Amino acid sequence: FTSFYTSCPVCTPSRAGLLTGRYPIRSGLTRVLFPASKDGIEDKEWTLAEGLKERGYSTACIGKWHLGHLPEFLPTRHGFDSYFGIPYSNDMDLVQREEPPLPLMRNEAIIEQPANQDTLTRRYTEEAVGFIEAQKDQPFFLYLAHTMVHVPLHVSPEFKGHSASG
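Everything numeric here is computed off the predicted structure, so don't read it as measured data. As a convention, each chain's residues are numbered from 1 in the sequence order in which they are written. Given that the model is predicted, a residue must reach a pLDDT of at least 70 before its local features are reported, and side-chain atom pairs must reach 80 or more before they are shown or counted; all residues, however, enter totals for whole chains, interfaces and linings. Excluded from the side-chain calculation are hydrogens and water; included are all heavy atoms of the structure.

**Observations concerning the nonpolar core**
Turning to step 1, where the next piece is worked out: Residues enter a nonpolar core if they are buried and are Ala, Val, Leu, Ile, Met, Phe, Trp, Tyr or Cys, with the set joined through side-chain atoms within 4.5 Å. Residue exposure (1.4 Å probe, protein chains only): buried if accessible area is under 20% of the type maximum, exposed if over 50%, otherwise partly exposed. With 17 residues, the main nonpolar core has Trp-65, Leu-67, Phe-80 and Tyr-143 as its most contacted residues.
Turning to step 2, where the next piece is worked out: Going through the elements one at a time, helix H1 (11-20), helix H3 (48-54) and strand E5 (140-145) are the ones with two or more residues in this core.
Turning to step 3, where the next piece is worked out: Top contributing element to this core by residue count: E5, with 3 residues.
Turning to step 4, where the next piece is worked out: What Trp-65 contacts, discounting residues up to four positions off in sequence, is Arg-15, Leu-19, Ile-41, Phe-73, Leu-74, Pro-75, Phe-80, Tyr-83, Ile-86 and Pro-87. Strands are runs of DSSP state E lasting at least two residues, helices are runs of H or I lasting at least four, and both sets are numbered from the N terminus onward. Residues count as neighbours in contact if any of their non-hydrogen atoms are within 4.5 Å of one another.

**Examining the pattern of salt bridges**
Turning to step 1, where the next piece is worked out: Counted as salt bridges are all cases of a side-chain nitrogen of Lys or Arg within 4 Å of a carboxyl oxygen of Asp or Glu. The final tally for this structure, using the stated rule, is 10 salt bridges.
Turning to step 2, where the next piece is worked out: Here Arg-77 makes a salt bridge to Glu-108, at a shortest N to O gap of 2.8 Å. Here Arg-77 is found in the loop between strand E1 (58-63) and strand E2 (82-85), whereas its partner Glu-108 is found in the loop between strand E3 (104-106) and strand E4 (109-112), with 31 residues between them in sequence.
Turning to step 3, where the next piece is worked out: For Arg-106, the salt bridge identified is with Glu-127, shortest N-O distance 2.7 Å. One end of the pair, Arg-106, is in strand E3; the other, Glu-127, is in helix H4 (residues 120-135), and 21 residues separate them in sequence.
Turning to step 4, where the next piece is worked out: The class of Arg-106 is partly exposed, set by a relative accessible area of 34%.
Turning to step 5, where the next piece is worked out: Under the relative-accessibility criterion, Glu-127 is labelled partly exposed at 25%.
Turning to step 6, where the next piece is worked out: Salt bridges sharing common partners tie together Arg-122, Glu-126 and Glu-158.

**Things to note about H4**
Turning to step 1, where the next piece is worked out: Given a rise of 1.5 Å per residue, 16 residues ought to cover 22 Å, and the 22 Å separating the end C-alpha atoms of H4 matches this to within 8%.
Turning to step 2, where the next piece is worked out: Listed in full, the buried residues belonging to H4 are Leu-120, Arg-123, Tyr-124, Ala-128, Phe-131 and Gln-135. Down the axis, H4 shows its buried residues gathered within 135 degrees of arc, on one side only.
Turning to step 3, where the next piece is worked out: Packing partners of the buried residues in H4 comprise E1, E2, E3, E4 and E5. Helix span, as expected, comes to 1.5 Å for every residue beyond the first. The arc under discussion is defined with respect to the helix axis, by the directions toward the C-beta atoms.

As structure tokens, this is what we get:
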């Protein structure tokens, strides 16, 4: 890429902008959400996934969501047929802030807590490849938001020690 633009330099507002096409101030998602947050993306917001779903696309969200962790804010309530990932940032499990262990979710259920972050990149990728293979003969939209672009970085054991970063 030679140019890139975002609606905001932090997680929640930039994701809201990407999925709705609106400035964060318009969606009301102007700050980063935390595990104790009671808000998230509102029902009135129309997402890219909802628009594509209306046109017959299968939709999946894999990875970091960060637009609200309560049921009404999850991807499955905003145009995604399926969801596999964490509901907020991977550093939001601090005992000092009394945050719960990081949950890994499938659709609207927690399937692992704490999430094994060392395996998330591999698991997200496998999930994405499986979705693409299952949908290859029809229109689909995959929103893949890998976690390990965000610190703290974790790596699968088979890749540990293969770079200067660990």
